[in-house]
Amino acid sequence: MKIVIATGNKGKIRDFKTIFSDVEVIGIKELLPDFEVEETEDTFEGNAVLKAESASKALGLPVISDDSGLCVDALDGAPGVYSARYAGLGASDEDNNRKLLAALTDVENRSARFVCVIALAIPGRDTRSYVGQLHGEILESSAGEGGFGYDPLFKTLQGEHLGMISTEQKGEISHRRKALEKLKHDASAFEILLNHDGGADK
Ligand SMILES: O=c1[nH]c(=O)c2ncn([C@@H]3O[C@H](COP(=O)(O)OP(=O)(O)OP(=O)(O)O)[C@@H](O)[C@H]3O)c2[nH]1
Ligand SMILES: [Mg+2]
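Residues numbered from 1 in each chain as written. Chains lettered and ligands numbered in written order. Predicted model: local features only at pLDDT ≥ 70, side-chain atom pairs only at ≥ 80, totals over all residues. Heavy atoms only, no water.

(A) Molecular detail of the overall build of the protein chain. When you go through the protein chain residue by residue, the secondary structure sums to seven helices and six strands. If one aligns the C-alpha atoms of the protein chain with their principal axes, the spans along those axes are about 50 × 30 × 25 Å. Burial statistics for the protein chain: of 202 residues in total, 47% are counted as buried. At a minimum sequence separation of 6, the contacts of the protein chain that also span at least 24 residues come to 57%. (Helix = DSSP H or I, 4+ residues; strand = E, 2+ residues; numbered from the N terminus. Buried < 20%, exposed > 50% of the residue type's maximum accessible area, 1.4 Å probe, protein only. Contact = heavy atoms within 4.5 Å.)

(B) Seen up close, the UniProt feature "active site" (unreviewed entry) in the protein chain. The UniProt record marks Asp-67 with the feature "active site" (unreviewed entry), using the residue numbering of this structure. Judged by its relative accessible area of 2%, Asp-67 is buried. If near-sequence neighbours (up to four positions away) are discounted, Asp-67 is found in contact with Lys-12, Glu-39, Thr-43, Phe-44, Asn-47, Ala-48, Lys-51, Val-81, Val-115, Cys-116 and Val-117. (UniProt positions renumbered as here; feature names shortened; annotations may be inferred.)

(C) Main features of the site of ligand 1. Near ligand 1 there are 20 residues, and of these Thr-7, Lys-51, Phe-148, Tyr-150 and Asp-151 occur at the shortest range. A distance of 2.8 Å is found between an oxygen atom of ligand 1 and a side-chain nitrogen or oxygen belonging to Asn-9. One of the backbone nitrogen or oxygen atoms of Phe-148 is found 2.7 Å away from an oxygen atom of ligand 1. When isolated, ligand 1 has an accessible area of 620 Å², and the protein chains bury 90% of it. Of all elements in the fold, only β3 (63–72) and α6 (175–185) reach the threshold of two or more residues within the shell around ligand 1. Looking at side-chain class alone, the shell around ligand 1 contains four nonpolar, eight polar and eight charged residues. (Near = heavy atom within 4 Å. Polar contact = N/O pair within 3.5 Å; in protein donor to acceptor, adjacent residues only side chain to side chain. Areas by Shrake-Rupley, 256 points an atom, 1.4 Å probe, with all protein chains shown as cover. Nonpolar A, V, L, I, M, F, W, Y, C, P; charged D, E, K, R; others polar.)

(D) Region of the structure containing helix α4 (residues 93–103). Those residues of α4 lying buried are Asn-96, Asn-97 and Leu-100. The buried residues of α4 occupy an angular sector of 100° when the element is viewed end-on, so they sit on one face. Counted as exposed and oriented over 90 degrees from the buried face of α4: Glu-94, Arg-98 and Ala-102. The elements touched by buried residues of α4 are β3 and β5 (128–138). (Arc of directions from axis to C-beta.)

(E) Molecular detail of the nonpolar core. Counting residues in each nonpolar core, the largest one holds 21 residues, and the members touching the most others are Ile-3, Phe-16, Phe-20, Ile-64, Ile-118, Leu-120 and Leu-183. Those elements that place two or more of their residues in this core are β1 (2–5), α1 (10–19), β4 (111–121), α6 and α7 (187–194). Counting residues per element, this core draws most heavily on α7, at four residues. (Core = buried A, V, L, I, M, F, W, Y, C linked by side-chain atoms within 4.5 Å.)

(F) Spotlight on the side chain of Lys-12. Along the polypeptide, Lys-12 turns up in helix α1. Beyond its immediate sequence surroundings of up to four residues, Lys-12 is in contact with Thr-7, Lys-51, Asp-66, Asp-67, Ser-68, Phe-148 and Arg-176.

(G) Up close: the packing of aromatic side chains. On inspection of all chains with the given rule, the structure shows two aromatic pairs. Ring centres of Phe-20 and Phe-190 lie 6.2 Å apart, and the angle between their planes is 15°; on these two criteria the pair is classed as stacked. On the criterion of sequence distance, the pair formed by Phe-20 in the loop between α1 and β2 (24–27) and Phe-190 in helix α7 is long-range, its members being 170 residues apart. Look at Phe-190 and you get buried, because its relative accessible area is 12%. Taking the centre distance of 4.6 Å and the plane angle of 45° together, the rings of Phe-114 and Phe-154 count as tilted. Of this pair, Phe-114 sits in strand β4 while Phe-154 sits in strand β6 (residues 154–156), placing them 40 residues apart in sequence. Neither residue differs from the other here; Phe-114 and Phe-154 are each classed as buried. It is Lys-99 that lies over the ring of Tyr-86; its NZ or CZ is 4.5 Å from the centre. (Phe/Tyr/Trp six-rings, centres within 6.5 Å; stacked < 30°, edge-to-face > 60°. Lys NZ or Arg CZ within 6 Å of the ring centre and 35° of its normal.)

(H) The arrangement of the pattern of salt bridges in detail. Taken as a whole, this structure holds 12 salt bridges when the rule is applied. The salt bridge involving Asp-15 is made with Arg-176; its shortest N-O contact spans 2.7 Å. You can see Asp-15 sitting in helix α1 and its partner Arg-176 sitting in helix α6, a full 161 residues away along the chain. For Asp-15, a relative accessible area of 6% puts it in the buried group. In this structure, Glu-181 and Arg-177 form a salt bridge, with 2.7 Å as the shortest nitrogen-oxygen distance. (Salt bridge = Lys/Arg side-chain N within 4 Å of Asp/Glu carboxyl O.)

This is how it looks when you write it as structure tokens:
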């Protein structure tokens, strides 16, 4: 069984591979190296749908996408859909983390949540989407080197530091996991995703 994911983010692919341990996960760039979608929407769902539909159309196959980010209460939900480009287009995770810590200097309310919207596009059908959230807070400085993106700055409400736990542990509790669980519960759609020839002989 193979699933194609319309993402170029290696951290997301690693998360998906861990969560879908019994399914082969293929990043879209393995099939279409030049695949890019401009994320023009201002919601996670809007961008997730754009990415999934664009890839599904290009391949003629069911495809899932992931649009995600970090929403910080004291920053009115920023960086939100702009999480990947918070410190500017092409910003590194380190640049984004530095900007976030600076924005929260002397800020007491550090509550935040990760949001993940997975869209499933199936040729000839309406696209569906599934949301997962993980609540927690932003640390005063980074802890650990695990995960990707803002993980080293995030502690869950239950006290797990995302930068200090394994990919497997993150895969049990993450916003991505929660969105995927909802997709799995949409049994008929999930069945179509699993039972296709995901990328021919790749
Ligand atoms: O610490 C983190 N742990 C996570 O689990 C996580 N999930 C998302 N993010 C952040 O949000 C951006 C997504 O932006 P995004 O959905 O546009 O993805 P992207 O541009 O990186 O790749 P693509 O899927 O669009 O190809 C990412 O770059 C990260 O900064 C995360 N940070
Ligand atoms: Mg993106």
